[in-house]
Amino acid sequence: MSRMEKMAAATDQMGVFDAELDDLSAMLFADARPLSFDVTGRVIVPADLLKHAGITSKAIFVGRGNSFQIWEPSAFKSAQDKSLKTLRTSRPNLKIN
């Protein structure tokens, strides 16, 4: 079962009259689309997603457990710095370099 199928199955468990289901379903599935690949197997990121992410010439792939995200490098650095600050504040006993 694909990750999208697992998420769809999880939302099915919420019930058709759950008020939060519409928001969650829209967030998870409304903009989802299958990826395209070039002849060598590389992912082709759609132009609108590149624009949304501010990616022009360079991108980095950031691991997220069973998935990954594609970021514009300086935007990721800013987000990573913010996350680190938040973690240090919310979990002061967590040892993070």
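Now for a quick tour of the structure. Not measured: the values here are computed from a predicted model.

**Some words on the overall build of the protein**
(1) Moving on: Of the regular secondary structure elements, the protein holds four helices and four strands.
(2) Moving on: Starting at the N terminus, the α and β elements of the protein follow one another as α-α-β-β-α-β-β-α.
(3) Moving on: In summary, the protein has a C-alpha radius of gyration of 17 Å against a globular reference of 13 Å for 97 residues, an excess of more than 25%.
(4) Moving on: Seen through its C-alpha atoms, the protein measures out along the principal axes to roughly 45 × 45 × 25 Å.
(5) Moving on: Looking at the protein residue by residue over its 97 residues, the buried ones come to 6%.
(6) Moving on: A separation of at least 24 residues holds for 10% of the contacts in the protein among residues at least 6 apart in sequence.
(7) Moving on: Accessible surface, the protein: about 8,400 Å² in total, of which carbon and sulfur atoms supply 57%.
(8) Moving on: Across the protein, the centroid of the 13 positively charged side chains sits 16 Å from that of the 11 negatively charged ones.

**Brief notes about the side chain of Glu72**
(1) Moving on: Structurally, Glu72 can be placed in the loop between strand S4 (67-71) and helix H4 (73-90).
(2) Moving on: In this structure Glu72 is buried but unpaired, with Lys58 as the nearest side chain of opposite charge at 9.1 Å.
(3) Moving on: Within polar-contact distance, the side chain of Glu72 engages the side chain of Ser74 at 2.6 Å.
(4) Moving on: Here Ala75 takes part through its backbone nitrogen, which lies 2.8 Å from a polar atom of the side chain of Glu72.
(5) Moving on: If sequence neighbours within four positions are ignored, Glu72 has contacts with Ala53, Gly54, Ile55 and Lys58.

**Description of the environment of Met7**
(1) Moving on: Looking at the element boundaries, Met7 is found in helix H1 (residues 3-12).
(2) Moving on: The exposure class assigned to Met7 is partly exposed, which follows from its relative accessible area of 25%.
(3) Moving on: Sequence-wise, Met7 and Leu28 are 21 residues apart; in three dimensions their C-alpha atoms are separated by 8.0 Å.
(4) Moving on: Among residues more than four places away in sequence, those in contact with Met7 are Leu28 and Phe29.

**What to know about the pairing of S4**
Remark: a regular strand shows side chains that alternate across the two faces of the sheet.
(1) Moving on: Across five bridges, the pairing between strand S3 (residues 60-64) and S4 is antiparallel. The residue of S4 that forms the bridge with Gly63 is Phe68.
(2) Moving on: Adjacent in sequence and paired antiparallel, S3 and S4 are bridged by two residues, among which Gly65 carries a positive phi angle near 70 degrees.

The rules behind the values
- Residues numbered from 1 in each chain as written.
- Predicted model: local features only at pLDDT ≥ 70, side-chain atom pairs only at ≥ 80, totals over all residues.
- Heavy atoms only, no water.
- Helix = DSSP H or I, 4+ residues; strand = E, 2+ residues; numbered from the N terminus.
- Rg over C-alpha atoms; globule rule 2.2 N^0.38 Å.
- Buried < 20%, exposed > 50% of the residue type's maximum accessible area, 1.4 Å probe, protein only.
- Contact = heavy atoms within 4.5 Å.
- Areas by Shrake-Rupley, 256 points an atom, 1.4 Å probe, with all protein chains shown as cover.
- Lys, Arg positive; Asp, Glu negative; His and termini not counted.
- Charge placed at Lys NZ, Arg CZ, Asp CG, Glu CD.
- Salt bridge = Lys/Arg side-chain N within 4 Å of Asp/Glu carboxyl O.
- Polar contact = N/O pair within 3.5 Å; in protein donor to acceptor, adjacent residues only side chain to side chain.
- Pairing = 2+ DSSP bridges.

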